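The residues making up each chain are set out below.
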Amino acid sequence: MNYRMVTANTLKEGAVVFMTASGGWSQNVNDGKTVTAEEADTLLESAAASVADCSIVAPYLIEVEVAGGKVRPVRLREQIRAKGPTIQFRTSA
Amino acid sequence: MPLIKDGAVAEDSWTTVGEDDPIPGGKAVIVGLTRWKDSADDLSGHNGPLGVRLKSDEPPELIAKDLGRFDLIALEFPNFNDGRAFSYARLLRERYRFTGEIRAVGDVLQDQLFFMRRCGFDSLELKEGRNVDTAIDALGDFTVAYQPASDEKDAPVKVRDWASN
Amino acid sequence: MMYQYDEIDKTLVKERVDQYRDQVARRMRGELSEEEFRPLRLRNGLYMQLHAYMLRVAIPYGLLSSTQLRKLALIAREYDRGYGHFTTRQNIQYNWPNLEDTPDILDHLAEVEMNAIQTSGNVNRNVTSDPYAGVARDEIEDPRPYCEIVRQFLTLHPEFSFLPRKFKVAVTAAETDRAAINVHDIGLRIVKNDAGEVGFKVLVGGGLGRTPFIGKVIRDFLPKEELLRYLQAILRVYNMEGRRDNLFKARIKILVHELGTERFTEKIEAEYEASKSDTRLLMDGIEEDRIRAFFTPPTYESLSDDAPDVDAEAAGNPAFADWLNRNVVAHKQPGYAIVNISLKPMGEAPGDATAEQMDAVADLADQYSLGHLRVTHRQNLVLADVRKQDLVALWKALVALDFATPNIERITDIISCPGLDYCNLATARSIPVAQRISQRFADMKRQYDIGEIRINISGCINACGHHHVGHIGILGLEKNGEESYQITLGGSSDVDADIGKRIGPAFASEDVVDAVETLVNTYLDIRQDGERFLDTYRRVGQDPFKERLYAAY
Ligand code: SF4
């Protein structure tokens, strides 16, 4: 069964974050709170407080799979958001 | 709704009347384009100042022949992204030589006010809830510009001269 | 050599940064919602991308001083993750800035007369031009004074700051079109009329994206001094009549298409005639001269065009000879050369450069190219004024930076947009595809055998990677949750501009490089003497390519 999770970007840094069980935000997708499809809208509504206090921007729901205790977003786009670019970028020496 | 005119909050002496509302005699009234087109004759008997309100898809060309009848033209911004009225205002000022009041109405952002004034608007109706003080400040966001526009006479800005004369 | 800000420019940029700083503060305090802030930050080039904010900084017509490049390096180092990405529109993008830092970044830019004004939003964007402007042998005159004039005229324009959609102008004065003027909203080509006067040929309505069009000529000759009045007429008609009901139909190309070129042209000419009584935009001297003076050619040394040292090195050093053949171009001044710096080393992300590389290139520009450089439409850099006698030393320095890959206009000189690794709108990745193609064709001998070919890759239909005008174009799509790649053939953005045609069904990610190889091998088999890939394709059409390509699957 696939679950739902709420993701957003932080206002300050623009960093990708996932909503945790305590209503906070983590950059690690494995910290994100997973809920069933039925509970998804309620979870998304609870993100409104973090929008109102200017900590995050544009929250939305993503679909995730959980296997072996690891969370993996279903769509490639969300996998890349969770993990960062798939390419090596040139780093400063 | 708060009205800004000449860089300050102003009383609004104009009444906008709907399609079928009676025209209050002696008052300053603004009518829509359709009403003007349908009942120009009736309105010609109106004994107070007359204004017309153009939607963003109603260019001033449509009233070019009647301009002498109007003391005010209100140009509508249905949303702040719809920039047609910037051109309409300039055409009214620079091509049709309209000297009455040009008013911006609708969804207007404070970050647009400087441009509006340069295009020949002289009054701006802010949406309810917008901050009037910061809006007035925003009129002075810039003191320079690269383009001549419609605000030559009382240009509050230093403008790049492209022509030599 | 380069335009320098006067009081008006300086004040305007400063006031713009102040305005933006206030907008950011209002946002951080919650006085502006994201919906309200978004259009404001976009006007200063700040996007929210997949992982973070992205800041796009304008490099007007691709021209940079070494001082400016060092500043770009500093920003990469101090406010980003140590690198930047040069784009097809001669801009640079930073992928990881913090919102709070962006006003400070803009202050830094202002110090070196740069800005991020209008690098996004429904306004005129960075004016682009020929990276060889001013030094090309095939040019009528330097187009950059006009680029600068257009830049200024359309910056914070009171009437044209809320256009139906974004707007892009490109200017060239050369026979070879290195600025892709055919696929811009307005393309200006500097031409001479029969009387020998210089003016502009005006193209309107080119563009890529969902509905690609080649620009239509609406004026064969516009006297120079009329440029601003004519631009005003085009923008005014577009502002009033461009479609605002449908985002996908809002570009000027759709207006031109729906009205027809003739009717569109009549409207422009009518508006232009009507505005002629207003002489304020008639460019008849002073300002134009002031701007032109900044672009007076430098005082070149009088040198012989022969460079025996270079010839000797080339004779004994094949790697240098390859680079000389591929990356070095004739300069109009004897004894000088134009040097392309390839930002496409094998397997790297096209157009990326680290802060260290930027600093090093800035030093090379100072040492070898009168302190200036250019960014090209194909995401490379150019040192435009190199003495031939310095070529060997410069080459060695570039090799050390991994910037001497001799692949300009060859199959690994790939244009690629950021795609799904960075971009919020992407449907598939593009950089990894570019990297895999680059690795597959890494053998330089093979690249030279294949000859001139342009591969352009976009990560979605918005076509920032200009796939429609690649000889081979690759468009990344998402099909049933998987990346897939559609191939178009026969596109070009040069004087022989054309929109590529889709060859057939899309390819899975793991097959797309094989598909490219099949296309290239087909060409190698059937080409006639001297034909480039594009020539062969135009001669034989799709079928031979299609047969080979789909027979295998
Ligand atoms: S083409 Fe699409 S994926 Fe690529 S940069 Fe443009 S919008 Fe993003």
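Everything discussed here concerns the structure shown above.
Residues numbered from 1 in each chain as written. Chains lettered and ligands numbered in written order. Predicted model: local features only at pLDDT ≥ 70, side-chain atom pairs only at ≥ 80, totals over all residues. Heavy atoms only, no water.

Draft legend 1. Spotlight on the overall build of chain B. In terms of helices and strands, chain B carries 5 helices and 10 strands. For 165 residues, the compact-globule estimate of 2.2 N^0.38 gives 15 Å, and chain B sits close to it at 16 Å. By principal-axis analysis of the C-alpha atoms, chain B measures approximately 45 × 40 × 25 Å. Here chain B, with 165 residues, has 55% of them falling under the buried criterion. Taking the intrachain contacts of chain B between residues at least 6 apart in sequence as the baseline, contacts between residues at least 24 apart amount to 48%. Within the structure as shown, chain B displays about 7,300 Å² of accessible surface, and the carbon and sulfur contribution to it stands at 46%. In chain B, the 21 positive side-chain charges and the 30 negative ones have mean positions that sit 5 Å from each other. (Helix = DSSP H or I, 4+ residues; strand = E, 2+ residues; numbered from the N terminus. Rg over C-alpha atoms; globule rule 2.2 N^0.38 Å. Buried < 20%, exposed > 50% of the residue type's maximum accessible area, 1.4 Å probe, protein only. Contact = heavy atoms within 4.5 Å. Areas by Shrake-Rupley, 256 points an atom, 1.4 Å probe, with all protein chains shown as cover. Lys, Arg positive; Asp, Glu negative; His and termini not counted. Charge placed at Lys NZ, Arg CZ, Asp CG, Glu CD.)

Draft legend 2. Representation of the pairing of strand β2 (residues 53-57) of chain C. Residue and element names in this part refer to chain C. Most of β2 sits out of view: 5 of its 5 residues are buried. Here β2 shows a buried face lined by Y53, L55 and V57 and a second buried face lined by M54 and R56. Bridge analysis of strand β1 (residues 46-48) against β2 gives 3 bridges, and the strand direction is antiparallel. Pairing of Y47 across the sheet is with M54, part of β2. Counting the residues in the hairpin turn of β1 and β2 gives 4 residues. Pairing of β2 with strand β5 (residues 92-94), which is carried by 3 bridges, proceeds in the antiparallel orientation. Bridging across to β5, L55 finds its partner in Y94. (Pairing = 2+ DSSP bridges.)

Draft legend 3. Main features of the environment of R446(C). Residue and element names in this part refer to chain C. Tracing the chain through its elements places R446 in helix α15 (residues 444-450). The exposure class assigned to R446 is partly exposed, which follows from its relative accessible area of 22%. For the pair R446 and G134, spaced 312 residues apart in the sequence, the C-alpha separation amounts to 34 Å. Those residues in contact with R446 that sit more than four places away from it in its chain are R440, F441, E517 and N521. There is a polar contact of 3.3 Å between the side chain of R446 and the backbone oxygen of R440. A distance of 2.5 Å separates the side chain of R446 from the side chain of E517, its partner in a polar contact. (Polar contact = N/O pair within 3.5 Å; in protein donor to acceptor, adjacent residues only side chain to side chain.)

Draft legend 4. Structural detail: the side chain of D185(C). Residues and elements named next belong to chain C. Position of D185 relative to the elements: it lies in the loop between β7 (169-172) and β8 (186-192). Its relative accessible area of 0% is what places D185 among the buried residues. Reaching out from D185, the side chain makes a polar contact with the backbone nitrogen of K168 at a distance of 2.7 Å. Dropping the residues within four chain positions of it, D185 is found in contact with K166, F167, K168, L203, V204, G205, G206, R251 and I252.

Draft legend 5. Fine view of the packing of aromatic side chains. Residue and element names in this part refer to chain C. A full pass over the atoms with the stated rule returns 19 aromatic pairs over all chains. Ring geometry for F533 and F545: centres 5.5 Å apart, planes at 55°, overall tilted. Of this pair, F533 sits in helix α17 (residues 533-540) while F545 sits in helix α18 (residues 543-551), and the two are 12 residues apart along the sequence. We note that F533, like F545, is buried. (Phe/Tyr/Trp six-rings, centres within 6.5 Å; stacked < 30°, edge-to-face > 60°.)

Draft legend 6. Layout of a negative patch on the surface. All names here are of chain B. Residues E19, D20, D21 and D38 make up a contiguous surface patch of negative charge. Counting through the fold element by element, D20 comes out in the loop between β3 (14-16) and β4 (28-32). Classification of D20 by relative accessible area gives exposed; the value is 74%. (Patch = residues over 30% accessible without salt bridge, like charges linked within 9 Å, V, L, I, M, F, W, Y side chains within 5 Å. Salt bridge = Lys/Arg side-chain N within 4 Å of Asp/Glu carboxyl O.)

Draft legend 7. Structural view of the sheet that holds strand β1 (residues 3-5) of chain B. Residues and elements named next belong to chain B. Across the sheet, 8 strands lie side by side as β2-β1-β8-β7-β6-β5-β4-β3; this open sheet has mixed pairing. Edge positions in the sheet fall to β2 (8-10) and β3, since each of these pairs with one other strand and no more. Between one strand and the next, the sheet's axes are offset by a mean angle of 30°, whatever the strand orientation. With 2 bridges joining them, strand β7 (residues 101-106) and strand β8 (residues 123-125) adopt parallel strand pairing. Residue pairing across strands places A104 opposite L124, the latter belonging to β8. Running over the sheet, helix α3 (residues 84-95) touches β6 (72-77) and β7 and is turned about 160° from β6. (Axes fitted to C-alpha atoms, helices over the stretch in contact; angles between N-to-C directions.)

Draft legend 8. Structural view of the interface of chain B and chain C. The interface is formed by 38 residues belonging to chain B together with 48 residues belonging to chain C. When the area that chain B buries against chain C is broken down by residue, the three leading residues are Y146(B), R160(B) and W162(B), summing to 22%. Where chain B meets chain C, there are 9 salt bridges. For R160(B), the salt bridge identified is with D9(C), shortest N-O distance 3.1 Å. The tally of links between chain B and chain C comes to 21 residue pairs in polar contact (both at pLDDT 80 or more). (Buried area = accessible area lost by both parts, 1.4 Å probe.)

Draft legend 9. Region of the structure containing the environment of S302(C). All names here are of chain C. Inspection of the secondary structure assignment puts S302 in the loop between α9 (286-293) and α10 (308-316). Taking the relative accessible area as the measure of exposure, S302 reaches 75% and is therefore exposed. In this structure the C-alpha to C-alpha distance between S302 and P334, which are 32 residues apart in sequence, comes to 7.5 Å.

Draft legend 10. Broad picture of the interface of chain A and chain C. Each partner contributes to the interface: chain A provides 24 residues, whereas chain C provides 37 residues. A combined buried area of about 2,600 Å² lies between chain A and chain C, and 57% of that area is made up of carbon and sulfur atoms. Linking chain A to chain C there are 1 salt bridge. The salt bridge involving E478(C) is made with R75(A); its shortest N-O contact spans 3.0 Å. On inspection of chain A and its partner chain C, the count reaches 7 residue pairs in polar contact (both at pLDDT 80 or more). Elements represented by at least two residues in the side of chain A that touches chain C include exactly β1 (3-10) and α3 (76-83) of chain A. Looking at the side of chain A that touches chain C, the element that brings in the most residues is α3(A), giving 4 residues.

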